[in-house]
Amino acid sequence: MAILEIRKFNEPILRKRAKEARKVDKEVRKLIVDMAQTMKKGQGIGLAAPQIGVLRRVIVVQAQRILGLINPKIVKKSREKGKDIEGCLSFPGIFLEIKRAKEIEVKALDINGKKIELKAKGLLARVIQHEIDHLNGILFINRLGIIDKIRFKLKYRGFS
Ligand code: NI
């Protein structure tokens, strides 16, 4: 197990699209264990592999227990959206109100390489959407509405 360094907002790797994991092998399982440890240490509730410098489609999220999801894909999204405050381990000390779908359905592989389908709502749905965004090089600041984006740019020069 290892605590890994979390990449910060200005690092180009955070803007890149991550590649699918071809299989769930020992390496992927170790990655998930290390990510779970790193997330816990940072007191986060979600972490995506690009945030620790690995361009693979792997995320960990805090549910009742920590879930590792490989190649996660949102297959259904509720039309209904909600706004809530989010943080991101790559943006220490920054909290932003972001609008996201309230309910989602996700397909992924679990740590054993088994296909799973998962329904999530509320905070868990929000975290999963945030982490899958990371796999596509999208950061939460990219999800701000136009007015909030201008406010953010004025307040935090150099962050965007
Ligand atoms: Ni994040």
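These numbers were taken from a predicted model, which means no experiment stands behind them. (Residues numbered from 1 in each chain as written. Predicted model: local features only at pLDDT ≥ 70, side-chain atom pairs only at ≥ 80, totals over all residues. Heavy atoms only, no water.)

(A) Spotlight on the coordination of the nickel ion. Every protein donor of the nickel ion is listed here as Cys88 (SG), His130 (NE2) and His134 (NE2), and their distances to the metal cover 2.1 to 2.2 Å. Counting the intervening residues between successive donors of the nickel ion yields the motif C-x41-H-x3-H. Residue Cys88 is located in the loop between strand 4 (81-86) and strand 5 (96-101), and its partner His130 is located in helix 2 (residues 122-135); the two are separated by 42 residues in the primary sequence. Like Cys88, the residue His130 is buried in the burial classification. (Donors = N, O, S within 2.8 Å, 3.2 Å for Na, K, Ca; no water. Helix = DSSP H or I, 4+ residues; strand = E, 2+ residues; numbered from the N terminus. Buried < 20%, exposed > 50% of the residue type's maximum accessible area, 1.4 Å probe, protein only.)

(B) Spatial organisation of the nonpolar core. Grouped together as the largest cluster of nonpolar side chains are 17 residues, with contacts concentrated most on Ile59, Val61, Ile104, Leu118 and Ile128. Every element with two or more residues in this core is listed here: strand 2 (58-62), strand 3 (66-77), strand 6 (103-109), strand 7 (115-121) and helix 2. The biggest single contributor to this core is helix 2, with 5 residues. When residues no more than four places from it in sequence are discounted, the contact partners of Ile104 are Ile74, Lys76, Lys77, Leu118, Lys119, Ala120, Ala125, Ile128 and Gln129. Membership of the second largest hydrophobic core comes to 16 residues, among which are Val24, Leu31, Ile52 and Ile70. (Core = buried A, V, L, I, M, F, W, Y, C linked by side-chain atoms within 4.5 Å. Contact = heavy atoms within 4.5 Å.)

(C) Focus on the sheet that holds strand 7. The sheet built from 5 strands is open, its strands ordered 1-2-3-6-7 with antiparallel pairing. The sheet terminates laterally at strand 1 (46-48) and strand 7, the two strands that pair on one side only. Ignoring which end each strand starts from, the neighbouring axes of this sheet average 40° apart. Pairing between strand 1 and strand 2: 3 bridges, direction antiparallel. Each residue of the ladder has a partner; that of Ala48, found in strand 2, is Ile59. Strands strand 1, strand 2 and strand 3 of the sheet are contacted by helix 1 (residues 26-41), whose axis makes an angle of about 40° with strand 2. Each of strand 1, strand 2, strand 3, strand 6 and strand 7 is contacted by helix 2, which is oriented at about 160° to strand 2, the strand it contacts most. (Pairing = 2+ DSSP bridges. Axes fitted to C-alpha atoms, helices over the stretch in contact; angles between N-to-C directions.)

(D) View of the pairing of strand 2. Within strand 2, 4 of the 5 residues are buried, which leaves it mostly tucked inside the rest of the structure. Where strand 2 meets strand 3, 5 bridges bridge the pair, whose relative direction is antiparallel. From the neighbouring strand, Gln62 faces strand 3, where its bridge partner is Ile66. A loop of 3 residues connects strand 2 with strand 3, the two strands running antiparallel in sequence.

(E) How the structure looks around the pattern of salt bridges. Per the stated rule, a full pass over the model turns up 10 salt bridges. Among the ionic pairs, Lys76 bridges to Glu105, the shortest N-O distance being 3.9 Å. Of the two residues, Lys76 is situated in strand 3 and Glu105 in strand 6; the sequence distance between them amounts to 29 residues. Taking the relative accessible area as the measure of exposure, Glu105 reaches 17% and is therefore buried. For the salt bridge of Arg151 with Asp148, the shortest nitrogen-to-oxygen distance reads 3.0 Å. (Salt bridge = Lys/Arg side-chain N within 4 Å of Asp/Glu carboxyl O.)

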